[in-house]
Amino acid sequence: MRNRLGVRISDKRCETATKEKEMSDKPNKVLLVEDNLEYAHLIRAMVSGGGTGFELTHVERLSDALEHLNKESWDVVLLDLLLPDSHGLDTMVKVQAQAPSIPIVVLTGLDDEALAIKAMQKGAQDYLVKGMVDGSLLKRSIRYAIERKRAEGVFKTLAISSPIGIYIVQDRVFQLVSPQFQELVGYSEDELLDMDSLRIVHPEDREMVREKAIKMLKAGPSSPYEYRYISKSGQIKWVTETVTSIQYRGRRATLGNFLDITERKQAEEGLLESEERFRSIVENSHDGIMILDDAHRFIYVNDELCRIAKYSREEVIGQDFRKFIDEESKQLVAERYIRRQRGEKIPPRYEFNIVCKDGEKRRVEISSTTIKDSAGRVKTVAQILDVTERKRAEEKLRQSEEKLKTYLESAPDGVYINDLKGTFLYGNKKAEEIIGYRKEELIGKNFLKLNLLPAKYLAKAGKLLALNAIGRPTGPDELELIGKDGTRIWVEISTTPVKHGEEKTEVIGFVRDITERKEAENALRELDRMKSDFIANVSHELRTPLHSIRGFTELMLQDKMPEPEVQKEFLTIIDNQSKNLEKLIDDLLDASRLESGRFKIQKHRLLIKDVISEVVGDFYTIASEKGITINTDIPEALPEIEADGKRLKQVLNNLLSNAIKFSNGGTHVTVTGATKDSELMVRVTDQGVGMPEEVRQHLFERFYRAKDTARVGGTGLGLYISKQIIEAHGGHILVESKVGEGSTFSFTLPLIKTSGDSNE
Amino acid sequence: MNEKILIVEDDPGALRLVQYTLEHEGYQVLTATNGLVGLKKAQSEEPDLIILDVMLPGMDGFEICHRLRDEPQTAGLPILMLSAKAQEADKTTGIKVGADDYLPKPADPAEIILRVGRLLAQKAAAGSKEMAQPIIGDK
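Residues numbered from 1 in each chain as written. Chains lettered and ligands numbered in written order. Predicted model: local features only at pLDDT ≥ 70, side-chain atom pairs only at ≥ 80, totals over all residues. Heavy atoms only, no water.

Here we take up the interface of chain A and chain B. Of the residues lining the interface, 31 residues belong to chain A; the matching set on chain B comes to 30 residues. Summed over the shared surface of chain A and chain B, the number is 2 salt bridges. Put simply, Glu569 of chain A and Arg16 of chain B hold a salt bridge, and the shortest N to O gap is 2.3 Å. Summed over the shared surface of chain A and chain B, the result is 7 residue pairs in polar contact (both at pLDDT 80 or more). When residues of the side of chain A that touches chain B are traced back to their parent elements, those giving at least two are helix 18 (515-557), helix 19 (564-596) and helix 20 (608-626) of chain A. When residues in the side of chain A that touches chain B are grouped by element, the largest group, 13 residues, is from helix 18 of chain A. Residue classes in the side of chain A that touches chain B are distributed as 11 nonpolar, 9 polar and 11 charged. (Contact = heavy atoms within 4.5 Å. Salt bridge = Lys/Arg side-chain N within 4 Å of Asp/Glu carboxyl O. Polar contact = N/O pair within 3.5 Å; in protein donor to acceptor, adjacent residues only side chain to side chain. Helix = DSSP H or I, 4+ residues; strand = E, 2+ residues; numbered from the N terminus. Nonpolar A, V, L, I, M, F, W, Y, C, P; charged D, E, K, R; others polar.)

What follows covers helix 1 (residues 12-24) of chain B. Residues and elements named next belong to chain B. Its 13 residues place the ends of helix 1 18 Å apart at the C-alpha level, agreeing with the 18 Å of an ideal helix rising 1.5 Å per residue. For helix 1, the complete set of buried residues consists of Gly13, Ala14, Leu15, Leu17, Val18, Gln19, Tyr20, Thr21 and Leu22. Remark: Gly26 follows helix 1 within two positions and exhibits a positive phi of approximately 100 degrees. (Expected span 1.5 Å × (residues − 1). Buried < 20%, exposed > 50% of the residue type's maximum accessible area, 1.4 Å probe, protein only.)

Residue and element names in this part refer to chain B. Two numbers describe how helix 1 lies on helix 5 (residues 109-126): the axes approach to 10 Å, and their chain directions differ by 60 degrees. It follows from the interaxial angle that helix 1 and helix 5 lie oblique. Here helix 1 runs over helix 5; the crossing is right-handed. Facing helix 1, whose interface residues are Leu17, Val18, Thr21 and Leu22, helix 5 presents Pro109, Ile112, Ile113 and Val116. Residues belonging to the contact of helix 1 with helix 5 are distributed by class as follows: 7 nonpolar, 1 polar and no charged. (Axes fitted to C-alpha atoms, helices over the stretch in contact; angles between N-to-C directions. Parallel < 35°, antiparallel > 145°, perpendicular 65-115°, else oblique. Left-handed = near helix turned anticlockwise from the far one by under 90°.)

For the rest of this paragraph, the subject is a negative patch on the surface. A cluster of acidic residues, Glu269, Glu273, Glu275 and Glu276 of chain A, forms a negative patch on the protein surface. In this structure, Glu276 of chain A sits in helix 10 (residues 262-284). (Patch = residues over 30% accessible without salt bridge, like charges linked within 9 Å, V, L, I, M, F, W, Y side chains within 5 Å. Areas by Shrake-Rupley, 256 points an atom, 1.4 Å probe, with all protein chains shown as cover. Lys, Arg positive; Asp, Glu negative; His and termini not counted. Charge placed at Lys NZ, Arg CZ, Asp CG, Glu CD.)

Moving on: empty space enclosed by the protein. All names here are of chain A. Throughout the structure, instances matching the rule amount to 2 cavities of 30 Å³ or more. Considering only enclosed or pocket space, the largest cavity measures out at about 350 Å³ in volume. Along its surface, the largest cavity is lined by 21 residues, and Tyr416, Asn418, Phe424, Phe447 and Ile493 are the ones closest to its centre. Elements with a contribution of two residues or more to the lining of the largest cavity: strand 16 (414-419), helix 15 (429-435), helix 17 (458-469), strand 18 (474-482), strand 19 (488-500) and strand 20 (504-513). For the lining of the largest cavity, the element with the highest residue contribution is helix 17, accounting for 4 residues. Partitioning the lining of the largest cavity into residue classes produces 17 nonpolar, 4 polar and no charged. If you add up the space inside the second largest cavity, you get close to 140 Å³. As for the second largest cavity, its lining consists of 13 residues, of which Phe298, Leu305, Ala309, Phe324 and Ile354 are closest to the centre. Considering every element that reaches the lining of the second largest cavity, the biggest residue donor is helix 11 (residues 303-309), with 3 residues. Considered class by class, the residues forming the lining of the second largest cavity number 13 nonpolar, no polar and no charged. (1 Å grid on protein atoms, 1.4 Å probe; cavity = no way out; pocket = protein on both sides within 12 Å on 5 of 7 lines; lining within 4 Å. Points joined across faces, edges and corners; volume = space filled by probe spheres on them.)

Residues and elements named next belong to chain A. The strand order across the open sheet built from 5 strands is 2-1-3-4-5, with neighbouring strands paired in parallel fashion. On the outer flanks of this sheet lie strand 2 (54-59) and strand 5 (126-129), each paired with one strand and no other. Taken pair by pair, the neighbouring strands of this sheet meet at an average axis angle of 20 degrees, ignoring direction. Along the sheet face, helix 2 (residues 37-48) touches strand 1 (28-33), strand 2, strand 3 (76-79) and strand 4 (104-108) and points at about 175 degrees away from the line of strand 2. (Pairing = 2+ DSSP bridges.)

The subject of this paragraph is unusual backbone geometry. Along the chain, Gly475 of chain A connects to Pro476 of chain A via a cis peptide bond; the corresponding omega equals 0 degrees. Turning to its location among the elements, Pro476 of chain A is positioned in strand 18. The omega torsion across Lys105 of chain B and Pro106 of chain B is -5 degrees, close enough to zero to call that bond cis. Take Pro106 of chain B: it is sitting in the loop between strand 5 (101-104) and helix 5. For Asp171 of chain A, which is not glycine, the phi torsion reads 55 degrees and is therefore positive. Considering the arrangement of structural elements, one finds Asp171 of chain A in the loop between strand 6 (165-170) and strand 7 (173-177). Although it is not a glycine, Asp677 of chain A sits at a positive phi angle of roughly 55 degrees. Along the chain, the position of Asp677 of chain A falls in the loop between strand 24 (668-676) and strand 25 (679-686). You can call Asp677 of chain A exposed: its relative accessible area is 58%.

In structure tokens:
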């Protein structure tokens with residue numbers, strides 16, 4: 001075991017030679033290198049004796065030997081170390097250099113054990129001392145040398161071609177290292193040979209490796225074991241190794257199979273490490289985490305998920321995940337599952353309800369992904385966040401917002417919000433009602449674009465917004481709006497700017513529909529005007545007859561009219577004017593009765609033509625004095641009616657007096673009567689000044705007197721009273737008129753309903 | 001005397017009263033019961049003075065007054081408005097549209113005679129002057 005044998009195994013020619021020899025049964029070619037001719041003869045005799053297959057060629061000098069080796073192939077070299085041109089081991093080295101694959105048997109006269117050992121170590125197959133060699137020994141030695149060399153060649157081939165690093169250690173140092181081994185450890189062959197084999201082993205593993213080696217020597221081949229080695233560059237690497245005891249160069253040696261497993265080790269360690277890392281993340285996650293198998297069963301749940309669901313891990317693992325969700329959610333989850341199966345893209349995040357162990361339902365948000373394990377089975381990994389509280393808070397907020405909105409929506413006044421440019425952001429129900437625009441028509445639109453304000457208020461609106469912009473509330477301001485349908489709406493608006501952060505200011509506005517109030521105010525004002533007009537007119541109407549009465553009375557008192565007929569004329573005028581005064585006062589009283597609801601009619605049967613004749617007769621003088629002709633067209637056959645004759649006279653008086661009042665001389669006033677359907681109709685037509693539409697509209701209103709024609713006199717009560725009288729009879733009164741052409745007033749009265757003859 | 005006075009009045013009683021009163025004083029009296037006739041007579045008859053009622057059918061007294069003042073021929077004609085519209089505003093309107101005097105109804109015949117006499121005297125005093133100076137008499 002203490003001998004050192006250096007063997008080089010990297011020569012290709014070695015393989016080739018060996019193979020060739022194996023193929024044939026030719027005699028072994030022996031090259032004898034010997035300067036002693038006598039001894040050469042002896043050798044020749046030794047090998048050829050017995051006739052067995054040696055073909056010996058003899059050369060005397062090293063140079064000749066090298067030449068032969070170069071020229072042809074040999075099976076073995078018998079080499080004397082002392083030659084004329086070379087001495088000692090150097091001779092052998094030179095031969096080896098020339099033909100490394102050819103076994104060398106040293107044949108020398110020097111019986112020097114140290115030299116012999118050296119020669120063996122340098123690769124000689126055998127060391128024979130001259131004089132101690134006989135024929136059979138020599139032949140055997142030659143054959144062994146050839147065999148050994150051949151075996152070595154096979155081993156070398158194996159070693160070179162193996163992906164596993166192979167080495168042989170003898171006497172604790174490397175004797176043989178395969179190229180793969182060299183590559184793994186990073187040392188060259190030269191560096192490795194003679195190196196202590198434990199030097200490449202990690203210091204911590206050396207003891208273990210040594211023990212394995214000893215055990216192997218004692219108990220035979222070991223099972224593979226792993227240890228760390230250190231490459232030349234200092235890297236710590238992993239190896240799995242088996243060692244076998246072999247005979248090498250005649251002595252016991254250790255054959256090592258050296259398989260690097262660094263990558264596998266790193267992968268294993270990395271996996272272990274990353275798994276640990278991830279497990280710790282998953283375990284400590286604030287989200288619930290679960291892994292389901294392809295049948296929706298829990299494979300894994302983390303603590304947080306257990307905490308959320310209040311189940312222990314043991315209660316859950318292996319159970320169907322769907323057992324823990326409520327009915328409504330089952331459907332949702334199933335739908336998602338189907339959609340995912342169809343390959344639809346579905347949002348990774350969704351919400352559903354889980355049922356906890358105590359029956360409580362909790363809202364969770366899940367985001368899941370599917371993975372395939374190494375066996376191709378689909379697993380679902382899902383992250384679950386308990387959003388119950390968040391949902392509750394959201395719901396509460398939503399409810400409170402809803403509540404606030406309801407309050408706003410049910411506010412009795414319009415409430416709206418706009419920005420500082422006047423663009424609407426909100427409008428409540430009442431605001432919608434007031435202006436007639438629905439929310440969606442309002443929101444996002446500017447009041448200018450909506451044409452909400454009449455032009456005369458635009459400047460004011462700008463001023464209000466400017467005040468809002470500097471943080472000032474406004475109002476209440478009264479202004480008109482234009483509704484969606486074009487109607488004008490009187491509103492009272494107050495606004496308050498509300499700051500949201502530094503930049504944004506919104507304005508909340510309160511709008512109250514004051515149209516009714518405004519209209520009432522206007523109506524009141526109009527009524528006021530009418531009343532004061534009425535008083536002026538009444539006083540005028542009172543003064544006119546009074547003027548005559550007083551004037552004539554004065555004249556008579558002063559005796560300025562002695563003629564009796566003149567006196568009579570004047571007294572008649574005084575009488576007439578007194579009657580006018582009386583009529584006026586009657587009108588006033590009638591109006592007052594109508595106001596208080598005490599107006600009564602007393603019906604009795606009468607002929608309308610009698611009433612008409614009487615009234616026309618009363619006006620005959622007055623009309624003729626103005627040059628106006630009164631015509632009547634009343635058919636004799638007009639039936640009786642039931643009416644209040646006194647009141648009808650009052651109506652006709654009114655109509656005729658108006659007709660005459662608004663007519664000029666030379667014109668006609670015509671009174672006609674007729675029946676139509678079940679009614680009697682009386683018409684009073686004049687050719688007077690007529691009146692425009694706006695006058696006609698208000699003609700029958702109490703105290704109404706057309707502004708432009710108000711100079712004509714009258715109380716403004718006549719037509720009002722007339723209308724009331726006719727309507728109290730169940731008829732109606734109306735007017736047609738054209739400016740400059742005259743007017744026609746007509747009224748109807750119901751006929752008495754007798755057996756079908758009421759139509760004529 | 002014998003000045004010609006035109007009365008525009010639609011109320012027969014009032015017309016008769018003023019007519020009789022003035023005729024009794026010796027004036028020559030012309031009458032019209034509406035504005036159009038009144039304007040026409042003011043042109044054709046060349047009266048020395050006009051008495052205008054206010055509340056007339058069609059054209060009212062203010063309008064007639066205004067038109068008379070617009071016509072060169074009648075621009076200087078003395079106008080007395082005699083009206084039952086007795087409010088101060090009516091009087092102001094009358095003066096504004098060019099009336100020389102405004103007398104509310106009911107008016108004494110003597111008052112009417114006085115006012116007419118005063119206006120005619122003013123006109124005479126103005127003599128060849130183009131226009132009479134408006135005066136506002138009190139009751």
